[in-house]
Amino acid sequence: MFNLILFGPPGSGKGTQSENIIAAYGLQHLSTGNLLREEIGNATPLGLEAKRLMDQGQLVPDEVVIGMVRNFIEARSAAKGFLFDGFPRTTAQCVALDALLKENGNEINIVLALEVSEEELVKRLLGRGLTSGRSDDTNETIIRARIKEYHDKTTAVATYYAQFNKVVHVKGEGTVDSIYADLKQEIDHKI
Ligand code: B4P
């Protein structure tokens, strides 16, 4: 099994690049943001609580997200591998993911970290907000709160995997195709 984490701040291109990577390598795409938006769309109790937090730019509690990820992985035991997009976002989520994968003798093989300046992130997310219908993309104050949440809680994910020498930093500015070419080179080197 080949498992990769696509890591980076909100708006760094994780969702965008995931589409190319899963198509090329046949990995299962696990986006916790997409799973949460599905819950919101279905107006489940989990979705209503998640929407309240997401609309303030805050993270959803670890135990909620970890439970969703466990269900997703267990339902796809024959997968060639997983691309984790937007997960893990805290050290507790890293520890839980490693334990989950280890139950079947698997591990994270590579963490690709996209690097993009804050001003570019704000510009992209406000741009997406014009068409996406995502309420967390339309307000600059919320976008900056998400970026702050990333610095406060999520950069620890790169620190966690760096201790196992699994992190590769990739420039996330440029065309979608040129960034994908750089990501592909790193994956091919590792796979
Ligand atoms: P996510 O759904 O993960 O969304 P995101 O980080 O905002 O976006 P992403 O990084 O995928 O978007 P992309 O750059 O591709 O999270 C939303 C919320 O859900 C979080 O704030 C949190 O509340 C909650 N959540 C999710 N996972 C969680 C977890 N594990 N724990 C707790 N809470 C969790 O796209 C952005 C824009 O940039 C697009 O318009 C795209 O077209 C554009 N773009 C992409 N690449 C570009 C390029 N090279 N040049 C120009 N524009 C580009």
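Placed above this text is the structure.
Residues numbered from 1 in each chain as written. Predicted model: local features only at pLDDT ≥ 70, side-chain atom pairs only at ≥ 80, totals over all residues. Heavy atoms only, no water.

Engineer: Explain the site of the ligand to me, and be specific about the residues and the numbers.
Structural biologist: If you check the shell around the ligand, you find 30 residues, and the closest are Gly13, Thr32, Arg37, Gln58 and Arg146. One of the backbone N or O atoms of Gly11 is found 3.2 Å from an oxygen atom in the ligand. Thr32 is positioned such that a nitrogen or oxygen atom in its side chain is 2.8 Å from a nitrogen atom of the ligand. In isolation the ligand exposes 1,000 Å². Once the protein is present, 87% of that is buried. Most atoms of the ligand, that is more than half of them, are within 2 Å of grid points of the largest pocket. Looking at the shell around the ligand, the elements that each hand over two or more residues are helix H1 (14-25), helix H2 (32-41), helix H6 (118-132) and helix H8 (176-190). The class makeup of the residues in the shell around the ligand is 11 nonpolar, 11 polar and 8 charged. (Near = heavy atom within 4 Å. Polar contact = N/O pair within 3.5 Å; in protein donor to acceptor, adjacent residues only side chain to side chain. Areas by Shrake-Rupley, 256 points an atom, 1.4 Å probe, with all protein chains shown as cover. 1 Å grid on protein atoms, 1.4 Å probe; cavity = no way out; pocket = protein on both sides within 12 Å on 5 of 7 lines; lining within 4 Å. Sits in = over half its atoms within 2 Å of the grid points. Helix = DSSP H or I, 4+ residues; strand = E, 2+ residues; numbered from the N terminus. Nonpolar A, V, L, I, M, F, W, Y, C, P; charged D, E, K, R; others polar.)

Engineer: Report on the pattern of salt bridges, specifying residues and quantitative values.
Structural biologist: Tallied over the full model, the rule gives 18 salt bridges. Between Arg52 and Glu49 there is a salt bridge, with its nearest N and O atoms 3.0 Å apart. Taken together, the residues span about one helical turn, with Arg52 and Glu49 both in helix H3 (residues 45-54) at a distance of 3 residues. For Arg52, a relative accessible area of 45% corresponds to the partly exposed category. Assessed through its relative accessible area of 37%, Glu49 is described here as partly exposed. (Salt bridge = Lys/Arg side-chain N within 4 Å of Asp/Glu carboxyl O. Buried < 20%, exposed > 50% of the residue type's maximum accessible area, 1.4 Å probe, protein only.)

Engineer: Describe the layout of surface pockets, and please don't skip the residues or the numbers.
Structural biologist: Its boundaries defined by the atoms lining it, the largest pocket holds a volume of some 810 Å³. Taken together, 41 residues make up the lining of the largest pocket; nearest its centre are Lys14, Arg89, Arg128, Arg134 and Arg146. Broken down by secondary-structure element, the contributors of at least two residues to the lining of the largest pocket are H1, strand E2 (28-31), H2, H6, helix H7 (140-162) and H8. Considering only residue class, the lining of the largest pocket consists of 11 nonpolar, 19 polar and 11 charged. (Points joined across faces, edges and corners; volume = space filled by probe spheres on them.)

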